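Spelled out from the first residue to the last, the chains are:
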Amino acid sequence: GGEDGVGKRVDGAGDEDGDGESSSHAEARRHVRELIGAFDLDPNRVLDLALDALEWELDEIVSRSTKDAVASKSSFSELSKMADEDGASSWWGLERLRTAMTNVSDGGAARNAVLSLLAIVRELDGHYDDGGTYRGRAVAHLLGFKYRSCHGRAAAAKAQTGGAAVAAASAANGATNGAAPPAAAANAYPRSLQLSTAFLCAHRVLDPHSLLPHIIAYTNPAVASKPAGGGGNGAKSNASVATPLMSAYQTHCADVVKRLKKLGVVSLNSSNAKKDDDKSRRGESSAPAVAGEAFRDDPVIGIFRALLALTGDWDASTAFLAHAAAGPEFASLVKQGDGDESVDKMRTMMDSAAAAACTLCEGAASDVCAHVNCAFGDVYAGAASSNGSGPVKGKRNGGNANWTSILPPSTGDATNFGVLAKGSSLEEISSALRDPLSSLVKSGRIRRNQSLYVKLCRLYKSNLAPPSSSSDGESTEGADPPSVDDDTLAVLSTFLVPSLSLFPSDTALPAELWAVLRVLPYSVRYELYSAWRRPGLEKGTLRSLLPAAIKSGDIPKPLGIIESEIETGVAARYVLKRISKENIAERGRQLAKTSHNNPLVVFTDILGKIESYDNLILMMVDTFQFVTPLGLDVMGYCLLVSLGGGGEEVGQRSRTKMGGLDTEQWLASLETFTGAFYKKFPSVELRGILFYLTQRFAAGWASELGVLRSLIKTAGGYGFVDYDSTSALSDLQLDGRCGSRLLKRETSSFGVVDDIDRGASQRLRSVLQGDDLGVIILILLSQLRSRALYSKPSSDTVKEHVKVIGSTYDDCEAVLCLLLEYLSDSSMDPGAKEKFAASMPSLGDLHEKYGVDAAVAWMLCRPLVRKSMFYMDDAKLLSSSTSGSASAAAEPPSYLKPFTTSSPEMIESYRSLLPEAPWDSITPTMFEMFYSLAIYDIVCPEERYNVDIDRLKKECERLDQLRTGGAAARGQMSVLAAAAAAAGGNYEQVRRATAFTREHAAELERLKRNVEQLSKDFQRQKKRCGLVLKKLEGLKESLIVESEKAKEDDEDLFKEDDEEGTSSNDNEKNNSKFAPAFMTFCIYPRFLLSPEDSLFCAHFAKLLHKIRVPGFMTIELVDNIVNAVTGSLYCMTEDEAGNCSIFLNEIWKSVNSWRYDNDAFASELKDTPGSRLSKELAQENGIEAHSLTSGITHEDYKAIYSQWHQKIGIASIGCLQSSEYMHTRAALIVLSRIVQVFPTQPKTGERILKTLAPLQGDDNAERPDIRATAQGYGSQLTKARDEGMWKEENVAVTKARQEREKMRAEERKKKLAKQHEDMKKDSEMISKQIDHTFGRREWRPRDDGGRQPWSMDPRMHSRGPPPPPPPPPLNASAPTFTPKSGDPRELHGRPGDSRGRQGIDRGEMWERDRGGGGGSGIRQSNDGRGRQIVPGVGGESSSSRGGERRKRSRSPEPGEDTEQRPTQKRSRGVGDRGDWSASHRGGDRSGSSDPRGSNSGGARRSDRRGGGGSSRY
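The structure displayed is predicted, hence computed values, not measured ones.

Draft legend 1. Spotlight on the overall build of the protein chain. Across its full length, the protein chain holds 67 helices and ten strands. Counting every position in the protein chain, which comprises 1513 residues, the buried fraction comes to 49%. A separation of at least 24 residues holds for 76% of the contacts in the protein chain among residues at least 6 apart in sequence. Just so you have it, the protein chain exposes about 72,300 Å², and 50% of that area is on carbon and sulfur atoms.

Laid out in structure tokens, this is it:
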């Protein structure tokens, strides 16, 4: 009775009204103590009753809150959202529990009852220690007994329904296989019990870890009987854990891995494949349901969910879950303390346990999503309101002050239960959400909550976006990128980015994610993509797993992501197999759709196919127009990885083929794709690839030069500057390179001009200009030239061929010139020169600090030096055209001052660029003018300008005619129509081909614009050349230093002249050191750099000779040039040989004209400073002293020319005979270019031809390129010789050679004629043999039923024999048929007809089938009276009727119905020929009484032999 009274008292503890909360609780505790003391009750029993009452009160609060919520909902969708995901009672769930706990009526009975019961529990169970910490005693044991009781009831119920033996075994052993929890029946553990447990834990009355021994005890009763520390070998098993969660999760992972390995596998056995598919489908559909059903009522997971709902403490909740799932292993880590290693291991266990719970229990995953949503609710609301999105729904109580929470204040408030304050930073948000989000990704459950993903994306976007970002989302170029802490980077790399793979493929979520990522630096984005990719794509992760890792569930990438990647890869490959140019629009969209959620998989596969099949490049580039911006950014990362910038396995691939000369197919395809891709999509990040190239160049590797080359040529639109080889440049292209940029563009591809994407070009230029990246690459390429010759990367120990080294050197030089031209071009960017000057070091720094050669340093600075040199002149020209004043442009701007030739910095740097010796002969003015000017400044290709302008004008006229139409356009319209028809076009396509379209209009506009621009360029360049010429003439006295020795020599010469009565010009002083110094330090280093520089060196030397610079000895300079060229032929690369040939060709044109044209020698060389020699050269060649003062004579020049000619010939022949590849190659390149000017002496020419013979033969098959080049040069040399280029050849020798060539030509002609005659005779002989064979063949009856092959039918053969003779009459009594005209004829019946029908004879059938030809085929037949009937003789024949086919018919049988009788086909059986007699077959075919019949038959046989017959078959 006492206990009942206590129970009533406890139940009504909160029903009394009190003055306040504290007095009510104190009154309740006092009454309970009085009852215990008065009736001597067991405090534990009273405590147990208090716990039951608390459990009931909490259940009532949640039930009442749920009913109120249901009553307030008006739609089915809102009601369905309240339903629990795992099918349990509708009140169970994190959001519903928090709503119920935080929306209790302030001052209501329920709230007072709960708080009073809580006070009673505290009073009866524990006490507070000295530190203020509550110490409980019996609550954990009482709750443990409750869980045991629930389990026992469930086991008993199962025993009654499913068999006592099975239930007992289940209750004794729990989950035998580790895949099922101990609960035996659904709803075995009341949710109210788990709720009260979490409520007590929230108020710190209970430690949840103290319940685990009780759960382990009833799950595994044998554990209680074991001593402490027992368990055999101490291995972790299900007997030491409170829940088999981890073992079930490991089994689940192993099953999923096994299933994933079978995805995409094609089985050749269809029946087995069908069975496997059925099994996998059944297992795939049943396994998650079984796992979710099994762990729905697991007590540990239930307590975990309740703790997470009521406390909101993720670490505490997952620690309890990990302790229950891991058991002693987790407890031992807790005992070890707070060491870093222990904490990391505990954190790993907690994450694994949370991921397992979310994977196997869908309700737990839903609670985790709700926890995350509530955690950042206030922060998201503040961000949304600041962005103008309006208020955000999230208030649980609607702001009613009468509702309060029964939870402790430290865990929540009465409104939003958010764990993050409204003003929390991004680092705090990431730190709080990092772990729960990771568990959602590992389990794959985030795919069910797409709205949560979108909210997180928008939250991070608002916190990461800088204030300076534009409204359209594009970040400002100059804005500083946001800083990203470790926790934020972890959330991005483990949740936001990889979770995209778990959602269906659409464009909405990638757009939300891209809004977050686009504000980040590209390096951070690529790091996120790398984490998304690791450790492999599709089945790559599964292949790298060890069996132990699979069994333990330690998989580095979530299985849901792996499955999504495999499915995406299968779908993408399906589309790739069927894509083509015809269906690119449809299939391209399908392929892009597959890439929305897994772009890494699709683009990696696409790049892999492009590496093997380069014909896919343009199709794939067109496909990317359907890809999202996120996909394009990922494409840039995938391209970088494929090139070697992101993956170790890719970075180790060989980039060159076996010989080292040619690029591998995969790299060549990627080079082409890179240029095409960035031309189409210039907004994609470029810095990643450019920085990667910079690192490769800095490390000494030049294999990726093609990537940079492709970017500048294709995306930058500067393909006209590049060249495959300098030796392949034509004279037209070289003339174009002397002019403006437009002229160079028009002549580079012989008038075919590629379209330039200005957006792509400007984008590439802006990236290269940013961070001084372009100038850095220029300096690295300059250094790489020397490193390619003299050093190699330390990791490369393979000895390279000299051809490979030369090719690398040439590629570096070509890309260097291409990039320099691109960066310094201001036609598209007016500020390009200023940005280029801001990044470029000074001339002295380039040479001294960066180790760049003097010639290359000048080349890098030349655009800026020329800009400063002609700045005032260009400003005057511009001001004259704009009627402005030029006074404002009196001086160059500040950015050009360091590169002004008159600046102290430049003058001071001159001395450091050359040794001291050259300054004794070369003045700084000469050095400055030579290296500052370009070919554009001294040569104006007037003829090329005029030719191209006329060509463009003709194109304009043609398009104008096409636009206006009429008679003038008929010609070209017919040509266009014929071309379209020949291409297979239909009528509409032909019509469009002849119409004036928008493309024609755009082309016409471009042509007119280019004509106008070329005219302006021509006038501007003409003025520039005149200005430079005038400037050089004014400076010619200060270009060469007069040596002291020259002065002494001149004094001696003056004395001799006085004695001889002659005079000398004091203004012209010779310096023997000038020519060697000028050649060594000026001409030679520069003409090897590029074709433009080689042209400049040649024309600059000619210009100095033309203006008669004092002391400029042209003959001396040419002698040094010959010596330098003949020596350097043995140490040149291919492009250097091409440049040398261009330079030598220009020089040798003048040298030849002076040798063989007396007028040219007299007008250009005689009595000029260039004709004088130094004393050393005069003595060496045995020329008298007059050459030192007045110059050499023509005879002296002939002698010197012969020596030059001989030197070049000997050096060339030596190179051709050399076994070294590069020697022969360089000599052939040089000789091919100068074939029109060298050789001119027959002796040298004959020796060269003799030396070429072995190179042209089959013995040189090992070097096919040398053989082809030698054959081409041999033909050119022979042609030049025949055209009279060997000017010194004797006339008699020339005539003798011409006679020999003529005789050889006649012999060849006779031989060919004889061959034709023999072939004709053989043909006639074969024809006669064929005619003879067919003419004597007789067709005989066969024993195979009359059937004969088609080829054996004589009617089928065009040259077959005449028809056989007619058979004898078969039926003499046949009726007579009288035609309309002609003699009567008898009809013969068919012998094989059983009904005795009459038919026609075999001869008539032959003639009828032939078509009844006229006199060419005469058939004889016998009538019934023995007479021979000759058709066409004495009656009507086929020839007399104009070749018409003679109609045949037969008389009907007596009594036969002709209308009902079916048509009878004529038979070709044995019966037709069986009665032919041998005598008749051998009879006379031409026997006839009429001579006309004989002649006609003979003519027919003759026609058959000669003309091949006239059969229509």
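Draft legend 2. Representation of the packing of aromatic side chains. Under the defined criterion, the tally for this structure stands at 42 aromatic pairs. Among the aromatic residues, those joined into a ring-pair cluster are Trp858, Tyr910, Trp919, Phe927, Phe930, Tyr931, Phe1074, Phe1078, Phe1096, Phe1100 and Phe1112. The cationic tip of Arg911 hangs over the ring face of Trp919; the distance from NZ or CZ to the ring centre is 4.7 Å. In this arrangement the basic side chain of Arg1281 is found over the ring face of Trp1286, its NZ or CZ atom lying 5.8 Å from the centre.

Draft legend 3. The side chain of His203, seen in detail. Looking at where His203 falls in the secondary structure, it is placed in the loop between α9 (191-202) and α10 (212-219). Here His203 falls in the buried class, since its relative accessible area comes to 11%. In terms of polar contacts, His203 uses its side chain to reach the backbone carbonyl oxygen of Ile406, at 3.0 Å. Discounting residues that sit within four places of it in the chain, His203 has contacts with Leu118, Arg122, Ile406, Leu407 and Pro408.

Draft legend 4. Here's a closer look at the confidence of the model for the protein chain. Across the protein chain, the average pLDDT comes to 77, with 72% of residues at 70 or higher. Of the regions scoring below 50 in pLDDT, residues 163-185 engages in 44 contacts with residues more than four places distant in sequence or in other chains. For the stretch residues 1408-1513, pLDDT sits under 50, and the model shows 161 contacts to residues farther than four places along the chain or on other chains.

Draft legend 5. Local environment of the environment of Ala1162. By secondary structure assignment, the location of Ala1162 is in helix α57 (residues 1158-1165). For the pair Ala1162 and Thr1193, spaced 31 residues apart in sequence, the C-alpha separation works out to 9.4 Å.

Draft legend 6. Structural view of the nonpolar core. Core analysis: the biggest nonpolar cluster contains 343 residues, and Phe624 and Phe1078 have the highest contact counts within it. With eleven residues, the top contributor of residues to this core is helix α43 (residues 854-869). Setting aside chain neighbours within four positions, we find Phe1078 in contact with Ile922, Met926, Phe930, Ile1083, Phe1100, Leu1104, Phe1112 and Leu1117. Core analysis: the next-biggest nonpolar cluster, separate from the first, contains twelve residues, Leu959, Leu1004, Leu1007 and Val1011 among them.

Draft legend 7. Up close: the packing of helix α29 (residues 599-612) against helix α33 (residues 665-680). One can describe the packing of α29 onto α33 by two numbers: an axis separation of 7 Å at closest approach and a directional angle of 115°. Relative to α33, the element α29 is oriented roughly perpendicular. As for the relative orientation of α29 and α33, their crossing is right-handed in sense. Taking contact as the criterion, the partners of Leu607, Ile610, Glu611 and Ser612 in α29 are, on α33, Gln665, Trp666, Ser669, Leu670 and Phe673. Its residues assigned to classes, the contact of α29 with α33 shows five nonpolar, three polar and one charged.

Draft legend 8. Region of interest: helix α63 (residues 1264-1282). The terminal C-alpha atoms of α63, which comprises 19 residues, lie 27 Å apart, in line with the 27 Å expected from a rise of 1.5 Å per residue. Taken residue by residue, α63 has Ile1266, Ala1270, Tyr1273, Gly1274, Leu1277, Ala1280 and Arg1281 as its buried positions. The buried residues of α63 occupy an angular sector of 130° when the element is viewed end-on, so they sit on one face. Just downstream of α63, Gly1284 is the residue with a positive phi angle, here 90°.

Draft legend 9. Fine view of the packing of helix α53 (residues 1074-1087) against helix α54 (residues 1091-1106). Contact geometry for α53 and α54: axes closest at 7 Å, N-to-C directions at 140°. In terms of orientation, α53 and α54 fall into the oblique class. Along its contact with α53, which presents Phe1078, Ile1083, Arg1086 and Phe1087, the element α54 presents Asp1093, Ser1094, Phe1096, Cys1097, Phe1100 and Leu1104. Class assignment for the residues of the contact of α53 with α54 results in seven nonpolar, one polar and two charged.

Draft legend 10. Expanded view of the environment of Val865. Along the chain, the position of Val865 falls in helix α43. Owing to a relative accessible area of 0%, Val865 belongs among the buried residues under this scheme. For the pair formed by Val865 and Phe899, sequence separation is 34 residues and the distance between their alpha carbons is 5.2 Å.

Draft legend 11. Highlighting the side chain of Arg525. Inspection of the secondary structure assignment puts Arg525 in helix α24 (residues 522-533). By relative accessible area, Arg525 is classed as buried at 5%. Arg525 has contacts with Trp514, Leu517, Arg518, Leu520, Asp633 and Glu685, leaving out every residue within four places of it along the chain.

Draft legend 12. Unusual backbone geometry, seen in detail. The peptide bond linking Arg534 to Pro535 adopts the cis configuration, its omega dihedral lying at -5°. In this structure, Pro535 sits in the loop between α24 and α25 (540-543). Residue Phe1238 is joined to Pro1239 through a cis peptide bond whose omega torsion reads 0°. Positive phi, close to 60°, is recorded for Asp771, a residue that is not glycine.

Draft legend 13. Up close: a negative patch on the surface. The grouping of Glu1317, Asp1318, Asp1322 and Glu1324 at the surface amounts to a negative patch. Looking at Glu1324, the relative accessible area reads 42%, which means it is partly exposed.

Draft legend 14. Structural detail: the pattern of salt bridges. Under the criterion given, the structure shown has 55 salt bridges. Between Arg1233 and Asp731 there is a salt bridge; the shortest N-O distance is 3.8 Å. In this pair, Arg1233 is assigned in helix α61 (residues 1221-1233) and Asp731 in helix α36 (residues 731-737), connecting sequence segments 502 residues apart. Across the pair Asp853 and Arg785 runs a salt bridge, and its minimum N-O distance is 3.8 Å. Note that Asp853 is positioned in the loop between α42 (843-848) and α43 and Arg785 in helix α39 (residues 773-790), a separation of 68 residues in sequence. Shared partners join several salt bridges into a network, and the residues in it are Arg737, Arg741, Lys744, Glu821, Asp825 and Glu1092.

Draft legend 15. Structural detail: helix α49 (residues 970-982). Compared with an ideal rise of 1.5 Å per residue, which puts 13 residues at 18 Å, α49 spans 18 Å between its outermost C-alpha atoms and is within 8% of the ideal. In the stretch just after α49, Gly984 is the one whose phi turns positive, near 90°.

Draft legend 16. Expanded view of the environment of Ala969. With respect to the element layout, Ala969 can be found in the loop between α48 (942-964) and α49. Spatially, the C-alpha atom of Ala969 lies 7.9 Å from that of Arg958, the residues being eleven residues apart in sequence. Beyond its immediate chain neighbours, meaning those up to four positions away, Ala969 contacts Gln961 and Leu962.

Quick notes on the rules
- Residues numbered from 1 in each chain as written.
- Predicted model: local features only at pLDDT ≥ 70, side-chain atom pairs only at ≥ 80, totals over all residues.
- Heavy atoms only, no water.
- Helix = DSSP H or I, 4+ residues; strand = E, 2+ residues; numbered from the N terminus.
- Buried < 20%, exposed > 50% of the residue type's maximum accessible area, 1.4 Å probe, protein only.
- Contact = heavy atoms within 4.5 Å.
- Areas by Shrake-Rupley, 256 points an atom, 1.4 Å probe, with all protein chains shown as cover.
- Phe/Tyr/Trp six-rings, centres within 6.5 Å; stacked < 30°, edge-to-face > 60°.
- Lys NZ or Arg CZ within 6 Å of the ring centre and 35° of its normal.
- Polar contact = N/O pair within 3.5 Å; in protein donor to acceptor, adjacent residues only side chain to side chain.
- pLDDT = per-residue confidence, 0-100.
- Core = buried A, V, L, I, M, F, W, Y, C linked by side-chain atoms within 4.5 Å.
- Axes fitted to C-alpha atoms, helices over the stretch in contact; angles between N-to-C directions.
- Parallel < 35°, antiparallel > 145°, perpendicular 65-115°, else oblique.
- Left-handed = near helix turned anticlockwise from the far one by under 90°.
- Nonpolar A, V, L, I, M, F, W, Y, C, P; charged D, E, K, R; others polar.
- Expected span 1.5 Å × (residues − 1).
- Arc of directions from axis to C-beta.
- Patch = residues over 30% accessible without salt bridge, like charges linked within 9 Å, V, L, I, M, F, W, Y side chains within 5 Å.
- Salt bridge = Lys/Arg side-chain N within 4 Å of Asp/Glu carboxyl O.
- Lys, Arg positive; Asp, Glu negative; His and termini not counted.
- Charge placed at Lys NZ, Arg CZ, Asp CG, Glu CD.

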